[in-house]
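Chains, contacts and geometry: an overview
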Number of protein chains: 2
Amino acid sequence: MLKIDLTSAAGFLPDDWFSSREAGLAQARTMLRDHSGPGGDFTGWVRLPEEYDREEFARIQAAAEKIRSDSQVLVVVGIGGSYLGARAVIELMGSADHRLARNAPEIFFAGNGLSTDALCELIDYLKDKDFSVNVISKSGTTTEPAVAFRIFKALLEERYGREGARGRIYATTDARKGALKGLADSEGYETFVVPDAVGGRYSVLTAVGLLPIAAAGIDAAALMEGAREAMEALDVPGADNPAWQYAAARNALYGAGKAIELLVGYEPSFRFFAEWWKQLYGESEGKEGRGLFPASVEFTADLHSMGQYIQQGARILMETVVRFRTSRRELLVPHDPDNVDGLNFLSGKSLQFVAEQAMRGTLLAHVDGGVPNLVVEAEARDERTIGQLIYFFEYACGLSGYLLGVNPFDQPGVEAYKQNMFALLGKPGFEARRAELELRL
Amino acid sequence: MLKIDLTSAAGFLPDDWFSSREAGLAQARTMLRDHSGPGGDFTGWVRLPEEYDREEFARIQAAAEKIRSDSQVLVVVGIGGSYLGARAVIELMGSADHRLARNAPEIFFAGNGLSTDALCELIDYLKDKDFSVNVISKSGTTTEPAVAFRIFKALLEERYGREGARGRIYATTDARKGALKGLADSEGYETFVVPDAVGGRYSVLTAVGLLPIAAAGIDAAALMEGAREAMEALDVPGADNPAWQYAAARNALYGAGKAIELLVGYEPSFRFFAEWWKQLYGESEGKEGRGLFPASVEFTADLHSMGQYIQQGARILMETVVRFRTSRRELLVPHDPDNVDGLNFLSGKSLQFVAEQAMRGTLLAHVDGGVPNLVVEAEARDERTIGQLIYFFEYACGLSGYLLGVNPFDQPGVEAYKQNMFALLGKPGFEARRAELELRL
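Residues numbered from 1 in each chain as written. Chains lettered and ligands numbered in written order. Predicted model: local features only at pLDDT ≥ 70, side-chain atom pairs only at ≥ 80, totals over all residues. Heavy atoms only, no water.

1. Quick notes on the overall build of chain A
How we decide: Here a strand is any run of E in DSSP of at least two residues, a helix any run of H or I of at least four, and the numbering for each starts at the N terminus. Radius of gyration here is computed from C-alpha atoms only, and the compact-globule reference equals 2.2 Å multiplied by the residue count raised to the power 0.38. Relative accessible area decides the class of each residue, using a 1.4 Å probe on protein chains only: under 20% of the type maximum gives buried, over 50% gives exposed, and in between gives partly exposed. Should any heavy atoms of two residues lie within 4.5 Å, those residues are counted as being in contact. Calculation of accessible area relied on Shrake-Rupley with a 1.4 Å probe; when residues are assessed, cover is drawn exclusively from the protein chains displayed. His residues and chain termini do not enter the charge count, which takes Lys and Arg as positive and Asp and Glu as negative. For charged residues, the charge sits on one atom: NZ in Lys, CZ in Arg, CG in Asp, CD in Glu.
Counting secondary structure elements, chain A contains 17 helices and ten strands. Computed over its C-alpha atoms, the radius of gyration of chain A comes to 23 Å, within 12% of the 22 Å expected for a compact globule of 441 residues. The C-alpha extent of chain A, read off along each of the three principal axes, is 65 × 60 × 50 Å. In chain A, which comprises 441 residues, the share counted as buried stands at 67%. By sequence separation, contacts in chain A at least 24 residues apart represent 78% of the contacts at least 6 residues apart. When the accessible surface of chain A is summed, it comes to about 14200 Å², and 50% of that surface belongs to carbon and sulfur atoms. Of the side chains in chain A, 46 bear a positive and 61 a negative charge, and the two mean positions are spaced by 3 Å.

2. A few points about the interface of chain A and chain B
This is how it is decided: Summed over both partners, the accessible area lost on bringing two parts together, with a 1.4 Å probe, is the buried area. For salt bridges, the criterion is a side-chain nitrogen of Lys or Arg within 4 Å of an Asp or Glu carboxyl oxygen. We define a polar contact as two N or O atoms separated by no more than 3.5 Å, with the added condition that, inside protein, one atom must be a possible hydrogen donor and the other a possible acceptor, whereas residues neighbouring each other in sequence contribute only through side-chain atom pairs.
Listed per partner, the contact involves 132 residues of chain A and 132 residues of chain B. Approximately 11100 Å² of surface area, both sides summed, lies buried where chain A meets chain B, with 63% of it carried by carbon and sulfur atoms. The largest share of the area that chain A buries against chain B comes from R99, R150 and H304 of chain A, three residues that together contribute 9% of it. Our count for the contact surface shared by chain A and chain B stands at 14 salt bridges. Note that D368 of chain B and R440 of chain A form a salt bridge whose closest N and O atoms lie 2.9 Å from each other. Across the chain A-chain B interface, the total number found is 56 residue pairs in polar contact (both at pLDDT 80 or more).

3. Things to note about the domain arrangement of chain A
All names here are of chain A. Spelled out, the test is: What fixes the domain bounds is an automatic or database domain assignment. Residues were grouped as follows: Ala, Val, Leu, Ile, Met, Phe, Trp, Tyr, Cys and Pro as nonpolar; Asp, Glu, Lys and Arg as charged; and all remaining residues, including Gly, as polar.
One can read the domain layout of chain A as domain 1 (3-36 + 224-408) and domain 2 (47-221). In this complex, domain 1 contributes 30 residues to the contact, which on the side of domain 2 involves 29 residues. In this assembly, domain 1 packs against domain 2 so that about 2700 Å² is buried in total across both faces, 65% of it on carbon and sulfur atoms. Counting every contact that joins domain 1 to domain 2 gives one salt bridge. With its nearest N and O atoms 2.9 Å apart, the salt bridge here joins E283 to R201. Elements represented by at least two residues in the side of domain 1 that touches domain 2 include exactly helix 10 (220-234), helix 12 (271-285) and helix 15 (383-404). Class assignment of the residues belonging to the side of domain 1 that touches domain 2 gives a composition of 15 nonpolar, four polar and eleven charged.

4. Regarding unusual backbone geometry
Cis peptide bonds are those with omega within 30 degrees of zero, and the linkage from F299 of chain A to T300 of chain A qualifies with 0 degrees. Of note, T300 of chain A is situated in the loop between strand 8 (293-298) and helix 13 (307-312). One non-glycine residue, H35 of chain B, lies in positive phi territory at about 60 degrees. With a relative accessible area of 37%, H35 of chain B lands in the partly exposed category.

5. What to know about the packing of helix 7 (residues 143-166) of chain B against helix 8 (residues 179-187) of chain B
Residues and elements named next belong to chain B. Put simply, the rule reads: All axes here are fitted lines through C-alpha atoms, helices being fitted over the stretch that makes contact, and every angle between N-to-C directions spans 0 to 180 degrees. Should an angle fall under 35 degrees it is taken as roughly parallel, and over 145 as roughly antiparallel, whereas 65 to 115 is taken as roughly perpendicular and any remaining angle as oblique. Working rule for handedness: look at the near helix, and if it is turned counterclockwise from the far one by less than a right angle, call the crossing left-handed; if clockwise, right-handed.
Between helix 7 and helix 8, the shortest axis-to-axis distance is 14 Å and the interhelical angle comes to 15 degrees. By the criterion of interaxial angle, the relationship of helix 7 to helix 8 is roughly parallel. In terms of crossing hand, the pair formed by helix 7 and helix 8 is right-handed. Between helix 7 and helix 8, the contacting residues are F149, K153, R162 and R166 on the first element and L180, L183 and E187 on the second. For the contact of helix 7 with helix 8, the per-class residue count stands at three nonpolar, no polar and four charged.

6. What to know about the pairing of strand 8 of chain A
All names here are of chain A. Put simply, the test is: By the convention used here, strands pair only if DSSP detects at least 2 bridges between them.
Most of strand 8 is tucked away, with six of its six residues classed as buried. Every second residue of strand 8 is oriented toward a common face, with F293, A295 and V297 on one face and P294, S296 and E298 on the other, all of them buried. Sheet topology places strand 7 (residues 260-265) next to strand 8; six bridges connect them, and they run parallel. Directly across from G265, in strand 8, lies its bridge partner E298.

7. A word on the sheet that holds strand 4 (residues 131-136) of chain B
Residues and elements named next belong to chain B. Pairing in this open sheet of five strands is parallel, and the strands run 3-2-4-5-6 from one edge to the other. Every interior strand has two partners, whereas the edge strands, strand 3 (106-110) and strand 6 (190-193), have only one. Between one strand axis and the next, the sheet turns through 20 degrees on average, direction left out of account. Where strand 2 (residues 73-77) meets strand 3, five bridges bridge the pair, whose relative direction is parallel. Each residue of the ladder has a partner; that of V75, found in strand 3, is F108. Here helix 7 sits on the sheet in contact with strand 2, strand 3, strand 4 and strand 5 (169-173), set at roughly 140 degrees to strand 4. On the sheet, helix 9 (residues 207-215) packs against strand 2, strand 3, strand 4, strand 5 and strand 6 and is oriented at approximately 165 degrees with respect to strand 4.

8. Let's talk about helix 7 of chain B
How we decide: The span you would expect from a helix comes to 1.5 Å times its residue count less one. Note that bend, as reported per residue, equals the angle between axes fitted to the 7 residues terminating at that residue and the 7 residues originating from it.
Between the first and last C-alpha of helix 7 of chain B there are merely 22 Å, a value that for 24 residues lags more than 12% behind the 34 Å anticipated at 1.5 Å per step. If you look at helix 7 of chain B, its biggest bend is around 115 degrees, right at Y160 of chain B.

9. Focus: the side chain of N241 of chain B
Residue and element names in this part refer to chain B. Of note, N241 is situated in the loop between helix 10 (220-234) and helix 11 (242-255). When its relative accessible area of 2% is taken as the criterion, N241 is described as buried. N241 has contacts with A233, L234, D235 and V236, leaving out every residue within four places of it along the chain.

10. Considerations on the packing of aromatic side chains
All names here are of chain A. Which entries qualify depends on this criterion: The rule is short: rings of Phe, Tyr and Trp, with Trp giving its six-membered ring, pair when the centres are within 6.5 Å, and they are stacked under 30 degrees, edge-to-face over 60, tilted in between. Our definition puts a charge over a ring when NZ of Lys or CZ of Arg is within 6 Å of the ring centre and also within 35 degrees of the ring normal.
Within the structure shown, the criterion is met by 47 aromatic pairs over all chains. Centre to centre, the rings of Y391 and Y395 are 5.9 Å apart; their planes meet at 15 degrees, and the pair counts as stacked. Of this pair, Y391 and Y395 both sit in helix 15, four residues apart, roughly one helical turn. The pair formed by Y391 and Y395 is uniform in burial state, with each residue classed as buried. Aromatic ring contacts, followed pair by pair, group Y246, F270, F273, W276, W277, Y281, F324, F392 and F393 into a single cluster. Directly above the ring of Y160 sits R168, whose terminal nitrogen or CZ lies 4.0 Å from the centroid. Across from the ring centre of F422, 4.0 Å away, lies the NZ or CZ of K427, which sits over that ring.

11. Comments concerning the relation of the copies chain A and chain B
In plain terms, the rule: What sets the superposition is a least-squares fit of C-alpha atoms, and only residues with pLDDT of at least 70 in both copies go into it.
If you rotate chain A by 180 degrees and push it 0.0 Å along the axis, it lands on chain B with an RMSD of 0.0 Å. Given the turn and translation reported, the copies of this chain are related as if by a two-fold rotation axis. Measuring from the rotation axis to each C-alpha of chain A, the shortest distance belongs to R99 of chain A, at 2.9 Å. With an isologous cut-off of 70% or more, the 100% of interface residues of chain A that recur at the interface of chain B puts this contact in the isologous class.

12. Observations regarding the sheet that holds strand 7 of chain A
Residues and elements named next belong to chain A. A sheet is described by the order of its strands in space; here five strands give the open sequence 1-10-9-7-8, paired in mixed fashion. The open sheet is flanked by strand 1 (3-5) and strand 8, the only strands paired with a single partner. Here the average twist between neighbouring strands, direction ignored, is 25 degrees. Of the strand pairs in this sheet, strand 9 (residues 317-324) and strand 10 (residues 373-378) are connected by six bridges, and their pairing is parallel. In the sheet register, V322 faces strand 10, and the bridge partner there is V376.

13. Brief notes about the side chain of N112 of chain A
Following the sequence through the fold, N112 of chain A ends up in the loop between strand 3 (106-110) and helix 6 (116-126). Dropping the residues within four chain positions of it, N112 of chain A is found in contact with G78, I79 and Y83 of chain A together with T300 and A301 of chain B.

14. A word on the pattern of salt bridges
Residues and elements named next belong to chain A. One pass over the structure, following the stated rule, counts 87 salt bridges over all chains. Here E51 and R47 are joined by a salt bridge, their closest N and O atoms 3.6 Å apart. Looking at R47, the relative accessible area reads 29%, which means it is partly exposed. Here R228 makes a salt bridge to E232, at a shortest N to O gap of 2.8 Å. With R228 and E232 both in helix 10 and four residues apart, this pair spans about one turn of that helix. In this structure E232 comes out as partly exposed when scored by relative accessible area, which is 43%.

15. So, the UniProt feature "active site" (unreviewed entry) in chain A
Definition in use: UniProt positions are given in the numbering used here, feature names are shortened, and annotations may be inferred rather than shown by experiment.
The positions UniProt marks with the feature "active site" (unreviewed entry) are E283 and K418 of chain A. By the secondary structure assignment, E283 of chain A is in helix 12. Residues in contact with E283 of chain A, not counting those within four places in the same chain, are R201, K278, D410, Q411 and V414 of chain A together with H304, S305 and Q308 of chain B. Mapped onto the elements of the fold, K418 of chain A is located in helix 16 (residues 415-425). Residue K418 of chain A is classed as buried on the basis of its relative accessible area of 16%.

The following block contains the structure:
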């Protein structure tokens with residue numbers, strides 16, 4: 001199981017950082033277990049790694065196999081929690097540079113924005129490739145994925161005929177109601193479920209995340225098994241529980257005036273895992289004028305861009321480092337007889353060793369600069385470990401949100417831009433609001 | 001020329017936000033022009049778009065042509081300012097997804113981190129491809145690029161022989177001294193100059209950025225021409241100067257308690273331009289315990305992840321939106337006879353129109369939520385406009401740093417991790433520090 005090392009935060013935490021929060025954590029644990037806290041209707045993710053639908057899981061694996069057999073590309077249409085988890089896992093298991101990842105089929109994420117040029121590029125790319133579409137939307141009416149789905153559905157029908165298209169569209173949506181569910185039933189698409197009790201940002205271990213992940217050739221069962229291990233380990237109350245430690249420490253640091261939490265990775269492939277984490281924490285805690293602002297950096301690259309600010313800028317930062325103990329491969333620093341760069345003291349050492357010392361040196365430097373560091377220690381960049389990481393961050397987020405005193409499972413602020421957008425787009429029923437907004441603009 | 005629209009920030013700015021800063025801006029302008037302010041030795045970028053070395057520029061174009069003729073891949077080895085500018089421009093002109101960009105040659109950035117797996121993936125990828133290397137380092141001794149260069153140099157020599165490798169290595173480095181310059185001279189590599197008077201984060205319009213940019217098939221002359229237009233326009237003092245407006249407004253908002261500036265793009269391809277901007281502002285202003293923390297988001301995607309925090313989290317945010325007025329292509333929302341998703345009120349409208357209303361609606365929503373928005377209005381996603389944007393942000397950063405009262409051209413905090421890393425790596429001469437650090441760890 002993963003661990004958390006608080007050594008580099010100790011000097012910034014008050015003596016009672018844990019003891020004063022222990023009762024609150026115990027209460028949060030109960031609320032998560034019993035679904036009895038604020039937002040309890042959306043805590044279906046808590047037991048998910050054990051209680052998931054095995055029959056659906058088998059259908060996911062079979063659909064993934066079919067996609068792998070008949071498609072060069074899988075287009076995943078979804079926004080927010082409907083794509084971030086899958087993208088996070090697929091990149092972290094593969095590469096941030098999709099030219100290097102060589103997934104078969106290649107996975108593209110679309111319908112998560114409104115860029116004309118980005119969508120046109122993908123349409124061009126698909127011209128000479130067999131592809132399938134996984135459309136992911138609880139309601140089927142969210143603007144970005146709905147518009148993209150109209151386009152890709154039309155492309156599929158043009159290419160394969162209406163009947164052929166039906167066999168290449170997979171709909172992950174509400175179990176019973178909604179626009180997409182209705183369409184899927186009438187067209188006969190294979191469907192998977194976005195459970196009612198699991199919000200978007202907690203949905204990566206449902207069909208929402210698992211179908212694209214499995215289609216990319218990743219072992220979804222091992223991912224679930226890692227999550228299940230974490231679920232069991234993190235259910236044990238007390239000061240040794242890494243999720244309790246993380247939730248308490250970040251809450252204490254927030255209370256001590258830190259305003260920003262930087263998630264730090266040392267692998268380029270970690271970038272979108274950090275994006276997933278930003279939604280998880282930002283959307284769960286950023287409300288009622290509160291919450292640590294979630295940001296992320298990639299080290300050592302960003303030590304040469306954001307490093308100056310972290311070392312000496314406004315002292316409102318804390319960092320959470322996710323460290324993988326091992327690399328998959330080994331690479332040794334070559335010897336240079338001329339020692340042009342003066343680095344022969346590294347000759348024959350592994351790059352992993354160099355990275356390790358960079359991380360240790362950075363921890364000390366940032367502590368000296370006034371930035372507390374929490375270190376999440378994970379084993380390897382594999383499915384089981386990533387499953388642990390996912391559940392760890394989800395569970396700690398639930399605890400942390402309850403410690404903060406907010407409902408970690410709602411997102412009332414996401415509606416504001418949508419309502420304005422609908423009005424400005426001329427949606428029937430929004431005429432009064434439209435007039436009012438146009439006046440302001 | 002680009003403009004800045006302050007409408008959505010007006011309600012958050014004190015009445016004297018500009019007038020009280022006008023004298024400071026005038027003084028900053030003089031210091032930048034005369035190189036007479038703090039860090040004045042590093043203000044060679046101010047007149048660069050007009051006074052660059054034409055002979056070297058022609059050599060850059062010729063080298064780019066040679067690379068395009070004999071290489072399927074160009075590996076750019078550099079860290080921080082030695083890669084971010086080029087990557088920003090290449091992605092913004094192309095695509096954030098390199099599978100879609102189809103640059104010929106393909107460009108890869110390496111030596112900007114210490115990930116074993118990422119480096120191994122690239123080495124594998126190069127196995128069956130002709131490639132060249134552009135190594136970019138003022139000194140030639142920075143650990144990350146130096147280690148990577150050892151590896152790629154050895155690969156080239158193995159593949160093409162020592163003589164063949166010489167014709168495929170391009171060194172962008174100090175004009176006279178340093179480890180890389182010495183090696184390049186003795187081996188006979190073609191060299192380009194990292195000017196003494198231009199710091200890394202301001203170097204994209206020197207050979208540092210221009211060689212990879214030109215090799216990617218981007219019109220470097222048009223980029224320089226855009227920058228020159230901005231240079232002339234922004235040299236005119238007064239309240240209509242967009243750089244003066246931006247510098248004054250962000251300084252006033254910082255003074256009013258905002259702690260984080262979010263750079264907002266609506267194109268996925270904008271992601272690394274935001275990373276370049278983060279280095280520019282974070283490294284220039286994040287010192288002496290001060291400075292807005294620079295972060296970035298991609299809309300509308302991140303309205304479904306960070307949108308909740310922005311709308312209702314801690315009220316310490318301001319946003320700067322970079323908006324491109326036009327798309328390159330046009331895409332219409334298809335009509336659906338069944339109107340399953342209820343979006344037929346958009347049928348036949350362009351996706352660009354939908355994006356435009358999303359942006360307008362978001363501006364109003366965020367203002368209502370207490371987040372001031374500045375909008376930088378750029379024409380098109382082309383070289384000339386991007387040249388304008390680069391110079392605009394550079395020049396405004398110089399002004400802004402002087403308004404803040406810091407030296408915007410040093411980065412004293414970047415050394416801390418390096419010194420620790422050297423000690424922990426066992427570099428000769430760091431023995432005492434090593435012992436001390438190992439005790440702490």
